[in-house]
Amino acid sequence: MTDSGHLGDILFGLRATGALADAWDLDAAAPLLDACVNFARSVLSPADAVADREGAHLIDGRVRVPASLERAYAAYVARGLHLMGLPEAHGGLAAPPAMLHAVTEVLAAHGHAFQMLVGLVPGGVRLLEGLPEATSDRLMAALASGDMLVTMAMTEPAAGSDLSAIATRATRDADGWRIDGNKIFISGADQSMTPDVLHFVLARTGEHDGRAELSLLAVVTRDDDRNGVEVRRLEEKLGLHASPTCDVVFNGSRADLVGEPGEGLRRMFALMNHARLDVAAQAVGHAARVTGLATDYARERRQGRDADGRPVTIADHRDVRRMLTDMEATTLGLRAMVDLAAGLEDDRLVGFVTPVCKAYCTDEGQRVVDLGIQVLGGYGYLRDYEIERHWRDCRVTRLYEGTNGIQAMTLVGRGIGDAHAVEAFQDVLAANIAHASEGFRAAALPVADAWIETTQAVRTCEAPGAAAGPFLRLTAYAWYLAAWSCLEAKADASPSPRRVRALAHHVAAGAEAEVRHLQAAVRRYLTPDALPEIGP
Ligand SMILES: Cc1cc2nc3c(=O)[nH]c(=O)nc-3n(C[C@H](O)[C@H](O)[C@H](O)COP(=O)(O)OP(=O)(O)OC[C@H]3O[C@@H](n4cnc5c(N)ncnc54)[C@H](O)[C@@H]3O)c2cc1C
């Protein structure tokens, strides 16, 4: 897939799922996404290759990201791409969520570390409404100038998945709020692309344990005023070497309270629903890029001969074609899952499908990247061929913003515990599948029925934890087929209708076996003795 092919697929996904609704016209979206693809291909991609080798460094207490990323950021701002998620009142483009996820996909496909550094601005903008107007305006102006980026500081040594264990404290004195505590794993807590950083910090404002007294605070650091924020070390990681993952201490740092005390998790979750779909979009970006690279490679690499003894390319081998078809169909479907979720207006349904999309798109995106390595054979394992970088960088998407295990626990708990969300989910499945052709409908409808039946069994199980992962996959697979129904129904609007119909046919042909397998996995882990007691 070429880069213009990538853009064509993105626009087709937005069109087929109706993700932009009335918010934005596709004619307005197309040139902006084109500009984004152009930046990603010509500036970011070469910068990322160098940055991955150089890595970020902590020098005399300050973080330096590779110079290639500093230059890429300057070009990003010069092209106005940082304005995409900002409100019009501050010179922004006020792009709707589906458009922002599409931008994330493109940037992550060419430079995941860079995308992480710039990617929290749109979510952060939403949190600013909880600040006094003058403060919010000041911060918005800094974001609009490109002089400030945003971080999200939640994780602590004793508080990973369990945020109720957060120990960082915020106290009020005569001048306002001050923060003291240690956060770890904080991406971009310091960097050398902007002079200012806005940190959204989750901290405890009361004496009691638990979640009720967690509050959200905004802390600003500047090149000339560190505000008591000290980066102690950078983590050494499997991938994303250019993204500084910081162990950071807040020493009496001045802060502004966002909203009211105790509203921390509620406000952070508003940001996190967007951020979790964004993580899904990152994985789609990796899958799309790797599918393109593997397809191009397979069409050129000559190995073996056909039945008449003539030399062939590896794309002519049926085993390789199977992998490429799987990669292409999966990538199109995952993107449409994100689009479909981003276009929803019912907040409770958004809360239901977000963990489902986050976990499934990242698991499947990583699987696609892994297949890409397989297509290239030994070359896929080499640094020269880019795909190994995607494999390393994509891996984190299954871990951060809540591990995929936590997403599954959310689904079997709050998710299917919300009768309204469950009903709305079924309605969206039914409505979208109804638009597909008779053949596709015949494959997709039994999956929706299987989901209803299995949900009942999960709901009545006392300890569904072991079945949560497989149940999330089954739920996601139903959403995937609903998303594919949109693509199939609107195939004529795609750059290549024949290709989309052929891939839809391939997806439909696999549905029965896949759903049988997923249902069996859920049933197996719903039984009380599904897990053995393993002694010391
Ligand atoms: C590269 C990178 C960047 C990051 N960036 C940021 C950032 O910018 N800001 C930030 O705040 N954090 C960030 N994080 C932290 C990340 O969000 C956490 O690592 C993640 O939430 C998991 O927490 P943990 O690592 O402590 O794992 P743990 O919570 O210790 O989990 C370990 C395992 O136990 C499982 N588990 C835990 N609790 C339960 C449960 N109740 N039920 C079932 N299973 C459970 C998990 O699913 C997982 O498999 C980043 C992490 C990485 C790797």
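Throughout what follows, the structure given in this document is the object of discussion. All of these numbers come straight from a predicted model, not from anything done at the bench.

### What to know about the overall build of the chain
Part 1 of the reasoning: Scanning the chain for helices and strands turns up 15 helices and 11 strands.
Part 2 of the reasoning: In terms of overall size, the chain behaves like a compact globule, its C-alpha atoms giving a radius of gyration of 23 Å where 536 residues would be expected to give roughly 24 Å.
Part 3 of the reasoning: Each of the three principal axes of the chain carries a C-alpha extent, and together these read 80 × 55 × 55 Å.
Part 4 of the reasoning: In the chain, which comprises 536 residues, the proportion classed as buried is 57%.
Part 5 of the reasoning: Restricting the contact set of the chain to residue pairs at least 6 apart, pairs at least 24 apart contribute 75%.
Part 6 of the reasoning: With the model as given, the accessible surface of the chain reaches about 22300 Å², and the carbon-plus-sulfur share is 51%.
Part 7 of the reasoning: When the 53 positive and 71 negative side-chain charges of the chain are each reduced to one mean point, those points stand 5 Å apart.

### Some details on the packing of helix H13 (residues 438–459) against helix H14 (residues 468–489)
Part 1 of the reasoning: Two elements in contact, H13 and H14, have axes separated by 10 Å at closest approach and are oriented at 155°. As far as their axial angle goes, H14 and H13 are roughly antiparallel. Crossing of H13 against H14: the hand is left-handed. Taking contact as the criterion, the partners of Phe440, Ala444, Val447, Ala450, Trp451, Thr454, Thr455 and Val458 in H13 are, on H14, Phe471, Leu474, Thr475, Tyr477, Ala478, Leu481, Trp484, Ser485 and Glu488.

### Quick word on the pattern of salt bridges
Part 1 of the reasoning: Applying the stated criterion across every chain yields a total of 32 salt bridges.
Part 2 of the reasoning: Salt-bridge contacts for Arg348 lead to Asp418; the nearest nitrogen and oxygen are separated by 2.8 Å. One end of the pair, Arg348, is in helix H9 (residues 347–376); the other, Asp418, is in the loop between helix H11 (404–417) and helix H12 (419–435), and 70 residues separate them in sequence.
Part 3 of the reasoning: Judged by relative accessible area, Asp418 falls into the buried class, the value being 17%.
Part 4 of the reasoning: With a shortest N-O distance of 2.7 Å, Asp363 and Arg398 are connected by a salt bridge. Of this pair, Asp363 sits in helix H9 while Arg398 sits in the loop between helix H10 (387–394) and H11, and the two are 35 residues apart along the sequence.
Part 5 of the reasoning: Connected through salt bridges with shared partners, the residues Asp52, Arg383, Glu388 and Arg392 form a single ionic network.

### Considerations on H12
Part 1 of the reasoning: Here H12 is 17 residues long and its end C-alpha atoms lie 25 Å apart, about the 24 Å a rise of 1.5 Å per residue gives.
Part 2 of the reasoning: Within H12, burial applies to Ala421, Val422, Ala424, Phe425, Val428, Leu429, Asn432 and Ile433. For H12, the angular spread of buried residues about the axis comes to 165°, placing them on one side. In H12, the exposed residues that point more than 90 degrees away from the buried face are Ala419 and Glu423.

### What about unusual backbone geometry?
Part 1 of the reasoning: The phi dihedral of Ala94 falls on the positive side, at around 50°, and the residue is not glycine.
Part 2 of the reasoning: Relative accessible area serves as the criterion here: at 34%, Ala94 is assigned to the partly exposed category.
Part 3 of the reasoning: Residues other than glycine seldom take positive phi values, yet Glu401 does so here, at roughly 60°.
Part 4 of the reasoning: Within the fold, Glu401 resides in the loop between H10 and H11.

### Section: the packing of H9 against H11
Part 1 of the reasoning: At a minimum axis separation of 9 Å, H9 and H11 run at an interaxial angle of 155°. Taken together, the axis directions place H9 and H11 in an arrangement best described as roughly antiparallel. Note on packing geometry: the crossing formed by H9 with H11 is left-handed. Side by side, H9 and H11 meet where Phe352, Pro355, Val356, Lys358, Ala359, Thr362 and Asp363 of the first sit next to Asn404, Gln407, Thr410, Leu411, Gly415 and Ile416 of the second.
Part 2 of the reasoning: For the contact of H9 with H11, a count of residues per class yields 6 nonpolar, 5 polar and 2 charged.

### Section: the packing of aromatic side chains
Part 1 of the reasoning: Per the stated rule, a full pass over the model turns up 15 aromatic pairs.
Part 2 of the reasoning: Look at Tyr297 and Tyr379: their rings are 6.4 Å apart centre to centre, the planes differ by 40°, and that puts the pair in the tilted class. A residue pair is termed long-range when its members are at least 10 positions apart, and Tyr297 in helix H7 (residues 264–300) and Tyr379 in the loop between H9 and H10 qualify at 82 residues.
Part 3 of the reasoning: Classification of Tyr379 by relative accessible area gives partly exposed; the value is 33%.
Part 4 of the reasoning: When the centroid spacing of 6.4 Å and the interplanar angle of 15° are considered together, the rings of Trp451 and Phe471 count as stacked. With a gap of 20 residues between them, Trp451 in helix H13 and Phe471 in helix H14 connect regions that are remote in the sequence.
Part 5 of the reasoning: Judged by its relative accessible area of 0%, Phe471 is buried.
Part 6 of the reasoning: Within the aromatic cluster, the residues linked to one another by ring pairs are Phe352, Phe425, Trp451, Phe471 and Trp479.
Part 7 of the reasoning: The ring of Phe269 carries Arg414 above its face, with NZ or CZ at 5.8 Å from the centroid.

### Focus: the pairing of strand E6 (residues 196–204)
Part 1 of the reasoning: Among the 9 residues in E6, 9 count as buried, and that is most of the element.
Part 2 of the reasoning: Every second residue of E6 is oriented toward a common face, with Asp196, Leu198, Phe200, Leu202 and Arg204 on one face and Val197, His199, Val201 and Ala203 on the other, all of them buried.
Part 3 of the reasoning: Alignment of strand E3 (residues 148–153) against E6, held across 6 bridges, turns out to be parallel. Within the sheet, the bridge partner assigned to Thr151 lies in E6 and is His199.
Part 4 of the reasoning: Strand direction decides the pairing type here: E6 and strand E7 (residues 214–222), joined by 9 bridges, are antiparallel. The residue bridging Val197 from the neighbouring strand is Thr221, located in E7.

### Digging into the site of the ligand
Part 1 of the reasoning: Within the structure, the ligand sits among 17 residues, and Met152, Thr155, Ser161, Phe185 and Thr403 are positioned closest to it.
Part 2 of the reasoning: Between Ser161 and the ligand, the recorded distance is 2.6 Å, taken from a side-chain N or O atom to an oxygen atom.
Part 3 of the reasoning: The fraction of the free accessible surface of the ligand (980 Å²) that becomes covered by protein chains is 61%.
Part 4 of the reasoning: Among the elements that line the shell around the ligand, the one with the most residues is strand E5 (residues 176–187), at 3 residues.
Part 5 of the reasoning: In terms of residue class, the shell around the ligand is made up of 10 nonpolar, 5 polar and 2 charged.

### Some remarks on H7
Part 1 of the reasoning: Given a rise of 1.5 Å per residue, 37 residues ought to cover 54 Å, and the 54 Å separating the end C-alpha atoms of H7 matches this to within 8%.
Part 2 of the reasoning: At Ala270, H7 is deflected by roughly 30°, the largest bend along its length.
Part 3 of the reasoning: Among the 37 residues that make up H7, 29 are buried, leaving the element largely enclosed by the rest of the structure.

Reading the values: rules and limits
- Residues numbered from 1 in each chain as written.
- Predicted model: local features only at pLDDT ≥ 70, side-chain atom pairs only at ≥ 80, totals over all residues.
- Heavy atoms only, no water.
- Helix = DSSP H or I, 4+ residues; strand = E, 2+ residues; numbered from the N terminus.
- Rg over C-alpha atoms; globule rule 2.2 N^0.38 Å.
- Buried < 20%, exposed > 50% of the residue type's maximum accessible area, 1.4 Å probe, protein only.
- Contact = heavy atoms within 4.5 Å.
- Areas by Shrake-Rupley, 256 points an atom, 1.4 Å probe, with all protein chains shown as cover.
- Lys, Arg positive; Asp, Glu negative; His and termini not counted.
- Charge placed at Lys NZ, Arg CZ, Asp CG, Glu CD.
- Axes fitted to C-alpha atoms, helices over the stretch in contact; angles between N-to-C directions.
- Parallel < 35°, antiparallel > 145°, perpendicular 65-115°, else oblique.
- Left-handed = near helix turned anticlockwise from the far one by under 90°.
- Salt bridge = Lys/Arg side-chain N within 4 Å of Asp/Glu carboxyl O.
- Expected span 1.5 Å × (residues − 1).
- Arc of directions from axis to C-beta.
- Nonpolar A, V, L, I, M, F, W, Y, C, P; charged D, E, K, R; others polar.
- Phe/Tyr/Trp six-rings, centres within 6.5 Å; stacked < 30°, edge-to-face > 60°.
- Lys NZ or Arg CZ within 6 Å of the ring centre and 35° of its normal.
- Pairing = 2+ DSSP bridges.
- Near = heavy atom within 4 Å.
- Polar contact = N/O pair within 3.5 Å; in protein donor to acceptor, adjacent residues only side chain to side chain.
- Bend = angle between axes of the 7 residues up to and from the residue.

Interpretation in functional terms is not warranted from these geometric data alone.
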